[in-house]
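Listed below, chain by chain, are the residues.
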Amino acid sequence: DAGVTQSPTHLIKTRGQQVTLRCSPKSGHDTVSWYQQALGQGPQFIFQYYEEEERQRGNFPDRFSGHQFPNYSSELNVNALLLGDSALYLCASSHNDGRYSNQPQHFGDGTRLSIL
Amino acid sequence: EDQVTQSPEALRLQEGESSSLNCSYTVSGLRGLFWYRQDPGKGPEFLFTLYSAGEEKEKERLKATLTKKESFLHITAPKPEDSATYLCAVARRGATNKLIFGTGTLLAVQP
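My aim in this report is to walk through the structure given alongside it, one point at a time. The shown structure was predicted, so the numbers you read here are calculated from the model rather than taken from an experiment. (Residues numbered from 1 in each chain as written. Chains lettered and ligands numbered in written order. Predicted model: local features only at pLDDT ≥ 70, side-chain atom pairs only at ≥ 80, totals over all residues. Heavy atoms only, no water.)

## A short note on the nonpolar core
Residue and element names in this part refer to chain B. The condition is simple: Buried Ala, Val, Leu, Ile, Met, Phe, Trp, Tyr and Cys residues form a nonpolar core when they are joined through side-chain atoms within 4.5 Å. When a residue's accessible area, from a 1.4 Å probe over protein chains only, is under 20% of the maximum for its type it is buried; when over 50% it is exposed; and in between it is partly exposed. Going along the chain from the N terminus, every DSSP run of H or I of four or more residues is numbered as a helix, and every run of E of two or more is numbered as a strand. Contact between two residues is taken to exist if any of their heavy atoms lie within 4.5 Å; hydrogens are not considered.
Membership of the largest hydrophobic core comes to 25 residues, with the highest contact counts inside it found for Tyr25, Leu33, Trp35, Leu73, Tyr86 and Val90. Those elements that place two or more of their residues in this core are β2 (10-14), β3 (19-26), β4 (30-38), β5 (45-50), β7 (62-66), β8 (70-75), β9 (84-92) and β11 (105-110). If you tally residues by element for this core, the top one is β9, at 4 residues. Once residues within four sequence positions are removed from consideration, valine 90 is found in contact with Val4, Tyr25, Val27, Leu30, Gly32, Leu33, Lys98, Leu99 and Ile100.

In structure tokens:
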């Protein structure tokens with residue numbers, strides 16, 4: 001049973017470029033969340049997708065956008081990259097079993113994004 | 001504002017030396033408290049979910065407990081393979097299970 005898979009594993013970009021990161025959720029999961037983890041910090045919530053719609057957004061600018069596809073996979077897009085966007089980007093998936101779902105989120109191993 | 005604080009930032013133990021990690025939290029309406037383990041270069045690995053004060057969960061050498069203001073992760077007779085960063089996160093009651101993380105405790109267990 002495949003867990004959460006993310007691609008690519010590493011990426012190097014320059015300031016001003018744009019990037020697309022991809023995530024396939026764990027089998028049976030329908031909800032995808034994205035997090036940014038700076039070195040030595042805990043993950044910070046970017047946004048969550050369910051039923052192909054953004055359900056909630058963290059304190060990130062509009063340069064960060066996303067999409068969820070009918071097969072539940074998801075993309076994270078970042079435009080006009082800044083040096084401060086260098087981080088590990090984590091995708092997490094879970095199963096929504098109701099409004100007050102407490103199903104744990106399972107994480108992929110992330111994409112390490114470096115901005116030069 | 002919802003907040004999670006973990007202590008200590010780093011902990012070095014000898015193999016077999018038991019200890020506890022602390023997670024203090026402030027959240028308006030706790031949906032759940034989650035413990036994760038993160039190895040270098042990897043994503044967080046789910047360990048436990050705790051829902052209400054007084055609850056306890058165990059897995060091998062790890063035991064997690066919860067009060068109304070904090071959670072402890074007790075590590076009994078740790079082994080070198082327990083070395084990792086341990087992350088605590090909370091989710092608030094609401095429309096989503098968005099996680100708010102602490103900065104983690106880096107645990108090193110020496111043989």
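## Regarding the pairing of strand β7 (residues 64-68) of chain A
The cut-off we apply is this: Here, any two strands with at least 2 DSSP bridges between them count as paired.
Bridge count between β7(A) and strand β8 (residues 74-78) of chain A: 5 bridges; the pairing is antiparallel. Along β8(A), the bridge assignment pairs Gly66(A) with Leu76(A).

## Regarding the interface of chain B and chain A
Where we set the bar: By buried area we mean how much accessible surface two parts lose on assembly, using a 1.4 Å probe and totalling the loss over both. Just to be clear on terms, a salt bridge is a Lys or Arg side-chain nitrogen sitting within 4 Å of an Asp or Glu carboxyl oxygen. A 3.5 Å cut-off defines polar contacts: any pair of N or O atoms within that distance qualifies, except that in protein one atom must be a possible hydrogen donor and the other a possible acceptor, and neighbouring residues in sequence count only when both atoms are side-chain atoms. Asp, Glu, Lys and Arg are counted as charged, while Ala, Val, Leu, Ile, Met, Phe, Trp, Tyr, Cys and Pro are counted as nonpolar; the rest, among them Gly, fall into the polar class.
Tallying the contact residues gives 22 residues for chain B and 24 residues for chain A. For the pair chain B and chain A, the two sides together bury roughly 1900 Å², of which 47% comes from carbon and sulfur. The tally of links between chain B and chain A comes to 1 salt bridge. Salt-bridge contacts for Asp109(A) lead to Lys42(B); the nearest nitrogen and oxygen are separated by 3.8 Å. Seen at the junction of chain B and chain A, the total is 9 residue pairs in polar contact (both at pLDDT 80 or more). When contributions to the side of chain B that touches chain A are tallied by element, the ones reaching two or more residues are β4 and β5 of chain B. For the side of chain B that touches chain A, the element with the most residues is β4(B), which contributes 5 residues. Of the residues contributing to the side of chain B that touches chain A, the split by class is 9 nonpolar, 10 polar and 3 charged.

## Some thoughts on the environment of Pro8(B)
All names here are of chain B. Tracing the sequence through the fold places proline 8 in the loop between β1 (3-7) and β2. Between the C-alpha atom of proline 8 and that of threonine 105, which follows or precedes it by 97 residues, the distance is 6.0 Å. Ignoring sequence-local partners within four residues, the contact set of proline 8 consists of Gly104 and Thr105.

## What to know about the sheet that holds strand β3 (residues 19-24) of chain A
Residue and element names in this part refer to chain A. Stated precisely, the cut-off is as follows: The axes used here are C-alpha line fits, helices contributing only the stretch in contact, and every angle between their N-to-C directions lies in the interval 0 to 180 degrees.
With antiparallel pairing, the 4 strands of this open sheet are ordered in space as β1-β3-β8-β7. Either end of the sheet is taken by a strand with one partner, and the two such strands are β1 (5-7) and β7. Across the sheet, the mean angle from the axis of one strand to that of its neighbour is 20°, orientation sign disregarded. When β3 meets β8, the two strands line up antiparallel, connected through 5 bridges. Across the sheet, the residue bridging to cysteine 23 is serine 74, located in β8.

## So, the state of the cysteines
The line we're drawing: Cysteine sulfur atoms that come within 2.5 Å of each other are treated as a disulfide pair.
If you walk through the whole model with that rule in mind, you get 2 disulfides over all chains. There is a disulfide in this structure between Cys23(A) and Cys91(A), and the S-S distance comes to 1.8 Å. Looking down the S-S bond of the Cys23(A) and Cys91(A) bridge, the torsion is -60°, so its handedness is left-handed. In this pair, Cys23(A) is assigned in strand β3 and Cys91(A) in strand β9 (residues 87-94), connecting sequence segments 68 residues apart. Across the pair, Cys91(A) and Cys23(A) agree in class, each one buried. Disulfide pairing is shown between Cys23(B) and Cys88(B); the S-S distance is 1.9 Å. Because the torsion about its S-S bond is -60°, the bridge between Cys23(B) and Cys88(B) counts as left-handed. Linking Cys23(B) in strand β3 with Cys88(B) in strand β9, this pair joins segments that are 65 residues apart in sequence.

## Looking at the packing of aromatic side chains
Residues and elements named next belong to chain A. This is how the line gets drawn: Each Phe, Tyr or Trp ring, with Trp reduced to its six-membered ring, pairs with another whose centre is within 6.5 Å; inter-plane angles below 30 degrees give stacked pairs, above 60 give edge-to-face pairs, and intermediate values give tilted ones.
Within this structure, the stated rule accounts for 9 aromatic pairs over all chains. Their ring planes at 50° and their centres at 5.4 Å tell us that tyrosine 35 and phenylalanine 107 sit as a pair that is tilted. Here phenylalanine 107 lies in strand β10 (residues 106-107) and tyrosine 35 lies in strand β4 (residues 31-37), a separation of 72 residues in the sequence. A residue is classified by how much of its surface remains accessible, and tyrosine 35, at 0% relative accessible area, is buried. Residue classification places phenylalanine 107 among the buried residues on the basis of a relative accessible area of 10%. Between phenylalanine 47 and tyrosine 49, the ring centres sit 5.4 Å apart and the planes meet at 85°, which makes this aromatic pair edge-to-face. Phenylalanine 47 gets classed as buried once you look at its relative accessible area, which sits at 0%.

Shape is all these values report; function is a separate question.
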